[in-house]
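Each chain, written out:
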Amino acid sequence: MFEAKKLPTVLTAEELLDKAFGRASKVSGRNKREKTINKLSTVSNVLRDYFSKIIKAHPSYDNLPDFYKEMIDVLVGIRRIKKALAALNWANSMTQKILTKAIRDVKAGKNPEHVLKGAYGRVASIIEQIDPELRFLNELKVKLREIPALTDDPTLVVAGYPNVGKSSFVAKISTVKPEIASYPFTTKRIYVGYTELDGVKVQVIDTPGLLDRPIHKRNEIEKRAILCLKHLANCILFIIDPTETCGFPIENQLALLDEIKENFDVPIIVAYSKADLHDRRDLPAFSSVTGEGIDEILKIVKEKMIKR
Ligand SMILES: Nc1nc2c(ncn2[C@@H]2O[C@H](COP(=O)(O)OP(=O)(O)O)[C@@H](O)[C@H]2O)c(=O)[nH]1
Ligand SMILES: [Mg+2]
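Not measured: the values here are computed from a predicted model.

**Thoughts on the packing of helix α4 (residues 78-107) against helix α6 (residues 131-144)**
Here is step 1 of the chain: It is the contact of α4 with α6, at a shortest axis distance of 9 Å, that shows an interaxial angle of 130°. Of the possible angle classes, the one that applies to α4 and α6 is oblique. Note on packing geometry: the crossing formed by α4 with α6 is left-handed. Between α4, through Arg-80, Ile-81, Lys-83, Ala-84, Leu-85, Ala-87 and Leu-88, and α6, the contact on the second element is made entirely by Glu-133, Leu-134, Phe-136, Leu-137 and Leu-140.

Right under this line is the structure:
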């Protein structure tokens, strides 16, 4: 699985130049010429190693699991990342060219001091040009760290209007206390619970603020955040509160169900919550308070998700 915390810290242009020139200032040589050549090759090595370390630390973004790919794309834009990495590649080859040529010039008898000064100036100018890209790559690490560490286990996404009983259901069936992971869009959080169905670990996620209001009224970023869930969900449990104590009429709840059906192509289980408060049984009904009907819901989930 992709782990943003493994991405290295990226130095700014100034820090990187300090590192390379600092290292070079410590080298020795039998004479001015040799010392200058050693300095130039030290700068060359430090920069080459540094750039290749940063570039190699990034995954192949196109080959990441769809959920991560989509999330990263929404958060920062995969093209933007590729542009930054390409800029590093460019800076790497430009600086290597400058330094190789400078070494050649010194070997050919040109004034070492002049060559060194010129090469340092040109290297510094190249590195300074990519300073925004270096800073972007450093901030990227921080942003990507917000992406919830979800497992590859089969995933049930719980949807329905606010207060219909989604969180109560997730808490009820979870073998562990649901974890709160940040969903890095606006202020959304996702709640992740786990349960075991016939020995298969199932990840159950509650997405307050995402699948609980009409999708067509969402802004672009929320819509894309919702789309990310598409890659994650193997099945959706859509909860309807027929008592309307949640504060939303059934018609609105059904309209949301229709929208979810249009947007997702995974099995959708529709069930009534708060079975302890009503007698409607034209759909499977459960109560997270009394536990009534919970096993039946889990049985349906198992059939839809595992025995397929
Ligand atoms: N009587 C009853 N109340 C419930 C049930 N499930 C949830 N509630 C209540 O409904 C309210 C909203 O529940 P919650 O799980 O937070 O809904 P969510 O907003 O969809 O996550 C809370 O006051 C719960 O105590 C249930 O099965 N029976
Ligand atoms: Mg909730």
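**A few points about a negative patch on the surface**
Here is step 1 of the chain: The grouping of Glu-14, Glu-15, Asp-18 and Glu-128 at the surface amounts to a negative patch.
Here is step 2 of the chain: With three residues, the single largest contributor to the negative patch is helix α1 (residues 13-25).
Here is step 3 of the chain: With respect to the helices, strands and loops of the structure, Asp-18 is situated in helix α1.

**A word on the packing of aromatic side chains**
To describe a pair of aromatic rings, one takes the distance between the centres and the angle between the planes.
Here is step 1 of the chain: Tallying each qualifying case throughout the model produces five aromatic pairs.
Here is step 2 of the chain: Judged by centre distance (5.5 Å) and plane angle (75°), the rings of Phe-67 and Tyr-68 are edge-to-face. For the pair Phe-67 and Tyr-68, a shared accessibility class is recorded, and that class is buried.
Here is step 3 of the chain: When the centroid spacing of 4.4 Å and the interplanar angle of 35° are considered together, the rings of Tyr-161 and Phe-248 count as tilted. A residue pair is termed long-range when its members are at least 10 positions apart, and Tyr-161 in the loop between β1 (155-159) and α7 (166-173) and Phe-248 in the loop between β5 (235-240) and α9 (250-263) qualify at 87 residues. The same class applies to Tyr-161 and to Phe-248, which are both buried.
Here is step 4 of the chain: The ring of Phe-136 has Arg-80 sitting right over it, with the charged end atom 4.0 Å from the ring centre.
Here is step 5 of the chain: A cation over a ring is seen here: Lys-201 above Tyr-194, with NZ or CZ 4.6 Å from the ring centre.

**Concerning helix α3 (residues 66-75)**
One turn of an α-helix holds 3.6 residues; hence residues three or four places apart share an orientation.
Here is step 1 of the chain: If you check which residues of α3 are buried, you get Phe-67, Tyr-68, Met-71, Ile-72, Val-74 and Leu-75. Each buried residue of α3 sits inside an arc of 160° when the element is viewed along its axis, so together they form one side.
Here is step 2 of the chain: Packed against the buried residues of α3 are α4, α6 and α8 (220-232).
Here is step 3 of the chain: The first or second residue beyond α3 is Gly-77, which carries a positive phi of 90°.

**Side note on the site of ligand 1**
Here is step 1 of the chain: By nearness alone, 14 residues border ligand 1, and Asn-163, Lys-166, Ser-167, Ser-168 and Asp-276 come closest of all.
Here is step 2 of the chain: Measuring from an oxygen atom of ligand 1, one finds a backbone N or O atom of Asn-163 at 2.7 Å.
Here is step 3 of the chain: Interatomic distance of 2.8 Å between a side-chain N/O atom of Asp-276 and a nitrogen atom of ligand 1.
Here is step 4 of the chain: Protein contacts shield 69% of the accessible area of ligand 1, which totals 570 Å² for the unbound molecule.
Here is step 5 of the chain: Considered class by class, the residues forming the shell around ligand 1 number five nonpolar, six polar and three charged.

**Some points on the pairing of β1**
Here is step 1 of the chain: Within β1, five of the five residues are buried, leaving the element largely enclosed by the surrounding structure.
Here is step 2 of the chain: Here β1 shows no split at all, with Thr-155, Val-157 and Ala-159 on one side and Leu-156 and Val-158 on the other all buried.
Here is step 3 of the chain: Here β1 pairs with strand β4 (residues 200-206) via four bridges, running parallel. Bridge pairing in β4 links Thr-155 to Gln-203.
Here is step 4 of the chain: Across four bridges, β1 lies against β5 in parallel orientation.

**A short note on the nonpolar core**
Here is step 1 of the chain: In this structure, Tyr-61, Phe-169 and Ile-260 are the most contacted members of the largest nonpolar core, which totals 105 residues.
Here is step 2 of the chain: The greatest single-element share of this core, amounting to 12 residues, is contributed by α4.
Here is step 3 of the chain: Each of domain 1 (4-144) and domain 2 (155-305) accounts for three or more of the residues forming this core.
Here is step 4 of the chain: Not counting chain neighbours up to four residues away, the residues in contact with Ile-260 comprise Ala-159, Leu-211, Ile-215, Ile-236, Phe-238 and Ile-268.

**Let's talk about the pattern of salt bridges**
Close approach of charged atoms allows side chains with opposite charge to pair.
Here is step 1 of the chain: Counting across every chain of the model gives 17 salt bridges.
Here is step 2 of the chain: Between Asp-66 and Lys-69 there is a salt bridge; the shortest N-O distance is 3.9 Å. Of the two residues, Asp-66 and Lys-69 both sit in helix α3, three residues apart, roughly one turn of that helix.
Here is step 3 of the chain: A relative accessible area of 42% means that Asp-66 is categorised as partly exposed.
Here is step 4 of the chain: One salt-bridge network, in which partners are shared between bridges, spans Arg-80, Lys-83 and Glu-133.

Calculation notes
Residues numbered from 1 in each chain as written. Chains lettered and ligands numbered in written order. Predicted model: local features only at pLDDT ≥ 70, side-chain atom pairs only at ≥ 80, totals over all residues. Heavy atoms only, no water. Axes fitted to C-alpha atoms, helices over the stretch in contact; angles between N-to-C directions. Helix = DSSP H or I, 4+ residues; strand = E, 2+ residues; numbered from the N terminus. Parallel < 35°, antiparallel > 145°, perpendicular 65-115°, else oblique. Left-handed = near helix turned anticlockwise from the far one by under 90°. Contact = heavy atoms within 4.5 Å. Patch = residues over 30% accessible without salt bridge, like charges linked within 9 Å, V, L, I, M, F, W, Y side chains within 5 Å. Areas by Shrake-Rupley, 256 points an atom, 1.4 Å probe, with all protein chains shown as cover. Salt bridge = Lys/Arg side-chain N within 4 Å of Asp/Glu carboxyl O. Lys, Arg positive; Asp, Glu negative; His and termini not counted. Charge placed at Lys NZ, Arg CZ, Asp CG, Glu CD. Phe/Tyr/Trp six-rings, centres within 6.5 Å; stacked < 30°, edge-to-face > 60°. Buried < 20%, exposed > 50% of the residue type's maximum accessible area, 1.4 Å probe, protein only. Lys NZ or Arg CZ within 6 Å of the ring centre and 35° of its normal. Arc of directions from axis to C-beta. Near = heavy atom within 4 Å. Polar contact = N/O pair within 3.5 Å; in protein donor to acceptor, adjacent residues only side chain to side chain. Nonpolar A, V, L, I, M, F, W, Y, C, P; charged D, E, K, R; others polar. Pairing = 2+ DSSP bridges. Core = buried A, V, L, I, M, F, W, Y, C linked by side-chain atoms within 4.5 Å. Domains from an automatic or database assignment.

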